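Geometric and topological summary
Okay, here's what each chain looks like letter by letter:
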Amino acid sequence: MSAVVVIGAGPIGTCLVERICANAPQSGRGRVLDLHVVDPYPPGAGRSWRIGQPGVLRADSAAGSLTVFTDAATRPVRPGPSLAEWLGSEPEYSASRSEVGGYLAYAFERVVRGTPANVRVRVHRARAVGLVESAGAQRVELSTGGQLEADAVVLAQGHLDVPPSAAETVEAAFAERHGLTYLPSGRPADLDLEVVPAGEPVLIRGAGRAFVDLVTLLTVGRGGRFTEGRQGEPVYLPSGDEPLLYVGSRRGVPHHARPGYRLAGPLPDLPRFVTAATSAGELRQAVAKELAYAYYHELFSRHPARTRTTWETFEAAFTRAEWGDKAMRALVTKSVPGFADRLHLDRLEHPLHGMRFGDLAGLQRWMHGYLAADLERRADPSFSADLAMIHGLLSARAALAAGVATDLWLQRLSGLLAGGPSLARQAELRALARAGVVTFLGAEPRIEQDEAAGAWRATSPTVPGLTTARALIEARQPAPSVRRSTDPLIAGLFAWGECREVSGLLDVRLPDRRLVTRTGAVHDHRFALGPWTAGGIAGFDGPGGIAPLLRDADALARTVLAQVAGSWLHAAA
Ligand SMILES: Cc1cc2nc3c(=O)[nH]c(=O)nc-3n(C[C@H](O)[C@H](O)[C@H](O)COP(=O)(O)OP(=O)(O)OC[C@H]3O[C@@H](n4cnc5c(N)ncnc54)[C@H](O)[C@@H]3O)c2cc1C
């Protein structure tokens, strides 16, 4: 027997299948490797990108940077179109999730069509519900009652479901008592938003990716539309069916928009200061220095007119100084005259820190300016140092050991700087804010139950007064938790001590991504890759973009092939 099972056929499962086929040895000495792909959803699109979800839901990444095919950076190259090339769209086009799903389905089919003669791909439209070891083989049990035997199993299950948290259960009970509307965290595309009343205030907790989806579904999804304003900017025309959305999040601001340009030239080798040995205690300092290094390298090399010394001189002093200390501050002030050209990481992270407004209207005026400034800067390649900083951040994440890479601060920083909406989406958010459909509540909001009033009330130190509402929506993906996952496969492995969690994520040994058991042993035949795994990757921005999916999938495919080579090739020898 020579077989590999890939569980999950979303973009990561698809890339793995593609890379296993690309790296398969030319000859299997007459033997065939069975590559089983298991997913209850159609392969390629999988669950997150399934075709037919509301067309108003869009990908964050521009169509030109979404691809599951390799370029010269990942060998062997098996070329294929990016989403933009497949659609025939502009690279900046913001495709719907459903369109992305169509592309991924096509990509999966193309991969299967191009399978080498010694690899056979078999798709099983089923859920994997169990994984056991039997007579030296891995046995995957399927929801259809079938079983698959394999030499290696790769989990590529994406984001898993968890039941509502204790806090969410308390909110749901409060809503039940008072006849209110409450939606716990989850995928916006899966929520029943019909229950959200039109024309009434609705509190939204969270301003990240799920927030953007929710806002879209509750505005354009309810018949509102955008027209073009005098400067070409979107202007929102309400339908009258949308609720009034009051948004509270820790920072009080949404994520930064994704830069709308590419870097003009290569970056230095990164990371410089973060290594796998960086401890949790050193993490913030090292990551901040890494970001700043990438940022200033780009500024000095591409925009030297805005600096007062050479990169070599700056780099030597920068390397000696500690991030944030007096010497570093003096170096930056002396070498970079423009205030807007200096990296103000604290301000980026907490733009509302210490700010107080007289009323909500004052805060909204500030927020409109904040969003306008973000749109302008993220569209402007003369601020390419911002994009270099994102590369620095991702290089640091890739280098860190599993436990540290899942640090909450780092995850949040990544969301804020690198996981935001496209420029087009951010412009629409600004239009919705200007139309008064979206109101920002300020930083560090408190959302409390008011039993007497039978409503929630929200307050924030940023602005006096309170906002009350009879509807509350948690705008976030549930925090990952292997321990609480409702996925039968993961629940079973966890219960038997055959996997363990680290910061809620599935623990794998890096760099080979073998599953780690409760005792810390490493399983030779089980692997995992994806957003729910330690040191995992979230997106699938491709070549020229910034997500390392193709590189990671390629490395894992080689490891898996090396693992099965014994039974596949040598058995036939
Ligand atoms: C709403 C949303 C929007 C996003 N937008 C972007 C974006 O614009 N750009 C970007 O780069 N990234 C984006 N991401 C990040 C996203 O995580 C990745 O793009 C990508 O979907 C991750 O790929 P995946 O294959 O790991 O997960 P998924 O796409 O979720 O696929 C995992 C698959 O595993 C299957 N599965 C799970 N458990 C089992 C089981 N027990 N048996 C069988 N099959 C199973 C599921 O059915 C699913 O099809 C977004 C994520 C979300 C949730």
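Residues numbered from 1 in each chain as written. Predicted model: local features only at pLDDT ≥ 70, side-chain atom pairs only at ≥ 80, totals over all residues. Heavy atoms only, no water.

Now for the packing of aromatic side chains. By the definition in use, this model includes 17 aromatic pairs. Measuring from centroid to centroid gives 6.0 Å for Phe273 and Phe318, while their planes differ by 55°, and the two rings are tilted. Of this pair, Phe273 sits in the loop between strand E12 (244-248) and helix H6 (283-302) while Phe318 is found in helix H7 (residues 311-320), placing the two residues 45 residues apart along the sequence. What makes Phe318 buried here is its relative accessible area of 0%. These aromatic residues form a ring-pair network of at least three members: Phe273, Tyr293, Tyr295, Tyr296, Phe300, Trp311, Phe314 and Phe318. Above the plane of the ring of Phe69 lies Arg110, whose end atom (NZ or CZ) is 5.3 Å from the centre. (Phe/Tyr/Trp six-rings, centres within 6.5 Å; stacked < 30°, edge-to-face > 60°. Helix = DSSP H or I, 4+ residues; strand = E, 2+ residues; numbered from the N terminus. Buried < 20%, exposed > 50% of the residue type's maximum accessible area, 1.4 Å probe, protein only. Lys NZ or Arg CZ within 6 Å of the ring centre and 35° of its normal.)

Attention now goes to the pairing of E12. Burial within E12 is extensive, with 4 of its 5 residues counted as buried. Here strand E9 (residues 201-205) runs beside E12; their pairing, made up of 5 bridges, is parallel. Note that in E12 the partner of Arg205 across the bridge is Gly248. Pairing between E12 and strand E13 (residues 438-440): 3 bridges, direction parallel. Bridging from a neighbouring strand, Val247 pairs with Phe440 of E13. (Pairing = 2+ DSSP bridges.)

Spatial strand order, E4-E5-E6: 3 strands in an open sheet with antiparallel pairing. Only two strands of the sheet have a single partner each, and these edge strands are strand E4 (128-134) and strand E6 (147-150). Between one strand axis and the next, the sheet turns through 20° on average, direction left out of account. In this sheet, strand E5 (residues 137-142) lies alongside E4 in antiparallel orientation, the contact comprising 6 bridges. Opposite Leu131, over in E5, you have Val140 as the bridge partner. (Axes fitted to C-alpha atoms, helices over the stretch in contact; angles between N-to-C directions.)

None of this, on its own, says anything about what the molecule does.
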